[in-house]
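Examination of the molecular architecture
What follows is each chain in one-letter form.
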Amino acid sequence: MLFSLSDLRRHWTELRRHSLMGQLAYLGRGLSEKAQRRLNFSGSQRFTDRSKGARRLLVILAGFKPNLWPMVLSRIARHAPGDLDICLCLPGANAAAEMHRLAEEYGWSVQETDANLLSLTQNLAIQNHPHAEFLFKLDEDMFIAEGFFDDMQNGLEEVERIGTHSPGLVVPVVNVNGSTYIPVSYTHLRAHETEADL
């Protein structure tokens, strides 16, 4: 996944301004923002900073599938561009020793939390990389190919350049990803096979 952090903030602001729930949330935000911030950004945690101050950040949710680490993480290290900060997110301090060894070998940051809270760990990783303008998020079991990061960003920028949409989120079409599942039938493909947009 690729997020444009400035676009996400802008879309959230628009949603709050125009929706009834957004307006209600805005009215009660004083205490709720403090409580939510405490939930989203507090807890026992450790951050090993190997950041380069890059404007692109990859967070990798990890610590649960050690049998895949040698294959997946080595591919990420091989295909990651030099202008990308990478941070391993370890909720619940899962497999911390091995992950720290790999992170040191590859020059990656590590964000750990004692609580097994995925969102907390990722939020802290993002907060600890203040220069990041674009956020990529992968899980430890996602295999990527050469050019993955640049292709995702180029896709986002192309949609913005065309001007019909201003996405805050771009995801590759992966059948197991709930936000991108598109049922495609043979008849649907046959009906559109002469259209230029396919």
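The text that follows walks through the structure, step by step, so that each part is easy to find. What you see is a predicted model; the values in this text were computed from it and never measured.

1. Re the overall build of the protein chain
Tallying secondary structure elements over the protein chain gives eight helices and seven strands in all. The buried share of the protein chain, reckoned over its 198 residues, is 33%. Here the contacts in the protein chain between residues at least 6 apart in sequence split such that 74% fall between residues at least 24 apart. Counting only carbon and sulfur atoms, one obtains 56% of the accessible surface of the protein chain, whose full area is about 11900 Å².

2. Some words on the nonpolar core
Residues L58, I60, L73, I76 and F149 are the most contacted members of the largest nonpolar core, which totals 27 residues. Residue assignment for this core shows that the elements contributing at least two residues are β3 (56–61), α4 (69–79), β4 (84–91), α5 (96–106), β6 (134–139) and α7 (148–162). Discounting chain neighbours no more than four positions away, the residues touching I60 are L73, I76, I86, C87, L88, C89, W108, L138, D139 and E140. Ranked by size, the runner-up nonpolar core spans eight residues in total, among them L61, C89, A125 and L135.

3. Quick notes on the environment of L135
Turning to its location among the elements, L135 is positioned in strand β6. Distance from L135 to V59, taken between C-alpha atoms, is 7.5 Å for residues 76 residues apart in sequence.

4. Overview of the packing of aromatic side chains
Using the criterion set out here, one finds three aromatic pairs in the structure. Ring centres of Y106 and W108 lie 4.8 Å apart, and the angle between their planes is 35°; this geometry places the pair in the tilted category. Under the relative-accessibility criterion, W108 is labelled buried at 4%. The interplanar angle of 85° and the centroid separation of 5.1 Å between the aromatic rings of F148 and F149 together place this pair among those described as edge-to-face. Among the aromatic residues, ring-to-ring pairing joins F136, F148 and F149 into one connected group.

5. A few points about α7
Within an α-helix, residues lying three or four positions from one another point in the same direction, as the helix has 3.6 residues per turn. Over its 15 residues, α7 extends 21 Å from the first C-alpha to the last, a length consistent with the 21 Å expected when each residue adds 1.5 Å. Every buried residue belonging to α7 is among F148, F149, M152, Q153 and L156, and all of these are buried. Take α7 and look down its axis: the buried residues cluster within an arc of 130°, on one side only. Residues D151, R161 and I162 are exposed on α7 and point more than 90 degrees away from its buried face.

6. Section: the pattern of salt bridges
For the structure on display, the rule yields ten salt bridges. Here R46 and D114 are joined by a salt bridge, their closest N and O atoms 2.8 Å apart. In this pair, R46 sits in strand β2 (residues 45–48) while D114 sits in the loop between β5 (109–113) and α6 (118–127), placing the two residues 68 residues apart along the sequence. Since its relative accessible area comes to 34%, R46 is described here as partly exposed. A salt bridge links D141 to K65, with the shortest nitrogen-to-oxygen separation between them at 2.6 Å. Of this pair, D141 sits in the loop between β6 and α7 while K65 sits in the loop between β3 and α4, and the two are 76 residues apart along the sequence. Residue classification places K65 among the partly exposed positions, given a relative accessible area of 34%.

What counts, and where the lines are drawn
- Residues numbered from 1 in each chain as written.
- Predicted model: local features only at pLDDT ≥ 70, side-chain atom pairs only at ≥ 80, totals over all residues.
- Heavy atoms only, no water.
- Helix = DSSP H or I, 4+ residues; strand = E, 2+ residues; numbered from the N terminus.
- Buried < 20%, exposed > 50% of the residue type's maximum accessible area, 1.4 Å probe, protein only.
- Contact = heavy atoms within 4.5 Å.
- Areas by Shrake-Rupley, 256 points an atom, 1.4 Å probe, with all protein chains shown as cover.
- Core = buried A, V, L, I, M, F, W, Y, C linked by side-chain atoms within 4.5 Å.
- Phe/Tyr/Trp six-rings, centres within 6.5 Å; stacked < 30°, edge-to-face > 60°.
- Expected span 1.5 Å × (residues − 1).
- Arc of directions from axis to C-beta.
- Salt bridge = Lys/Arg side-chain N within 4 Å of Asp/Glu carboxyl O.

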